[in-house]
Structures are given as C-alpha cells and as structure tokens.
Amino acid sequence: MSLREKIKAQRERRKRSIRIKIEGSSERPRLTVHKSLKYVSAQIIDDSKGITLASASSQEKDLKSGKNVDIAKEIGKVLATRAKEKNISEVVFDRNGYIYHGKIKSLADGAREAGLKF
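Residues numbered from 1 in each chain as written. Predicted model: local features only at pLDDT ≥ 70, side-chain atom pairs only at ≥ 80, totals over all residues. Heavy atoms only, no water.

The name an unreviewed UniProt entry assigns to the protein is Large ribosomal subunit protein uL18, from the organism Brachyspira suanatina. Turning to the protein, the UniProt record has this under Sequence similarities (unreviewed entry): "Belongs to the universal ribosomal protein uL18 family." Comment text from UniProt for the protein, heading Function (unreviewed entry), reads "This is one of the proteins that bind and probably mediate the attachment of the 5S RNA into the large ribosomal subunit, where it forms part of the central protuberance." (UniProt positions renumbered as here; feature names shortened; annotations may be inferred.)

Here it is in structure tokens:
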C-alpha cells in the first residue's frame, strides 16, 4: 500500500466515524466540505429528503483568483448567503474526514462571518 493510499484510507475511516454521529435534517441540514489539491467545494444537504439545498465551489467563475485559504473563506460566505436566501440559519458542520485547519477552517470561518450558525 502506497503512502497516498494509506492517507486516503485513514481519511475514509475518519469520515465514516464522523458520519455515524452527524445527520442533517430539515431544521438543521448538513454542511459538507470537499477539497482536492486544486479546488474546494461545499454543499448544504438535507439527509432526510436526500437533496442538496445550496452549494458553492471554487470552480465558479467569480471565485477562481487568490490563495486557496482566501478562496475557501469566500466560498463559505457565498454558501451562507445562498443558505440565507432559502431561510437556512443553522447547520451541522461535516468536515468530511479532513483535519480542521487551513482550507476547512477558513471555509467554516467565512460561513460563520456571513451569519450561518453551527
């Protein structure tokens, strides 16, 4: 097993243990984050209905320039404003097995600054 495969397996194990405890509902949907080496994306998901309520990604035209941490903060703000338009004020944060620092922390801080509670 290569180092990359080992790291991916560890993240998947953390992801499964987190998802056992976290579930989004209609009152408090789940804010989940995905990051790759190039991009960051986030979605607000209602697990009871199985639908995505709002999403934002660094692949959108207006969010492509700057450092990754700054872009992640902007994605959090954009996602929070889209959630406010749909009357969502509280969410459950799902870091998706990633360590809570860097891009993930920046996205969460941006969402909090824009008024999302979690």
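## Remarks on the overall build of the protein
A count of helices and strands for the protein gives 3 helices and 4 strands. Counted from the first residue to the last, the protein has its helices and strands arranged as α-β-β-β-α-β-α. What you see for the protein is a C-alpha radius of gyration of 14 Å, in line with the 13 Å of a compact globule of 118 residues. Split into buried and exposed, the 118 residues of the protein put 36% on the buried side. Taken as a whole, the protein presents about 7400 Å² of accessible surface, with 50% of it coming from carbon and sulfur. (Helix = DSSP H or I, 4+ residues; strand = E, 2+ residues; numbered from the N terminus. Rg over C-alpha atoms; globule rule 2.2 N^0.38 Å. Buried < 20%, exposed > 50% of the residue type's maximum accessible area, 1.4 Å probe, protein only. Areas by Shrake-Rupley, 256 points an atom, 1.4 Å probe, with all protein chains shown as cover.)

## So, the packing of aromatic side chains
Considering all chains together, one arrives at 2 aromatic pairs under this definition. For the pair Phe93 and Tyr100, a centre-to-centre distance of 6.2 Å together with 85° between the ring planes defines the contact as edge-to-face. Phe93 sits in the buried class, given a relative accessible area of 15%. Residue classification places Tyr100 among the partly exposed positions, given a relative accessible area of 33%. Centroid distance Phe93 to Phe118: 5.1 Å. Interplanar angle 15°. Geometry classified as stacked. (Phe/Tyr/Trp six-rings, centres within 6.5 Å; stacked < 30°, edge-to-face > 60°.)

## Let's talk about the sheet that holds strand E3 (residues 51-57)
One open sheet accounts for 4 strands, arranged E3-E2-E1-E4; its pairing is mixed. Among the strands making up the open sheet, the edge pair consists of E3 and strand E4 (92-94). Strand-to-strand twist in this sheet, taken as the mean axis angle between neighbours without regard to direction, amounts to 20°. Pairing between strand E1 (residues 30-35) and strand E2 (residues 40-46): 6 bridges, direction antiparallel. (Pairing = 2+ DSSP bridges. Axes fitted to C-alpha atoms, helices over the stretch in contact; angles between N-to-C directions.)

## Some thoughts on helix H3 (residues 103-113)
Think of an α-helix as 3.6 residues a turn; residues three or four steps apart then line up on the same face. When H3 is considered as a whole, its buried residues turn out to be Lys103, Ile104, Ser106, Leu107, Ala108, Gly110 and Ala111. If you follow the buried residues of H3, they end up packed against E1, E2, helix H2 (68-85) and E4. Positive phi appears at Gly115, one or two residues downstream of H3, with a value of about 110°. (Contact = heavy atoms within 4.5 Å.)

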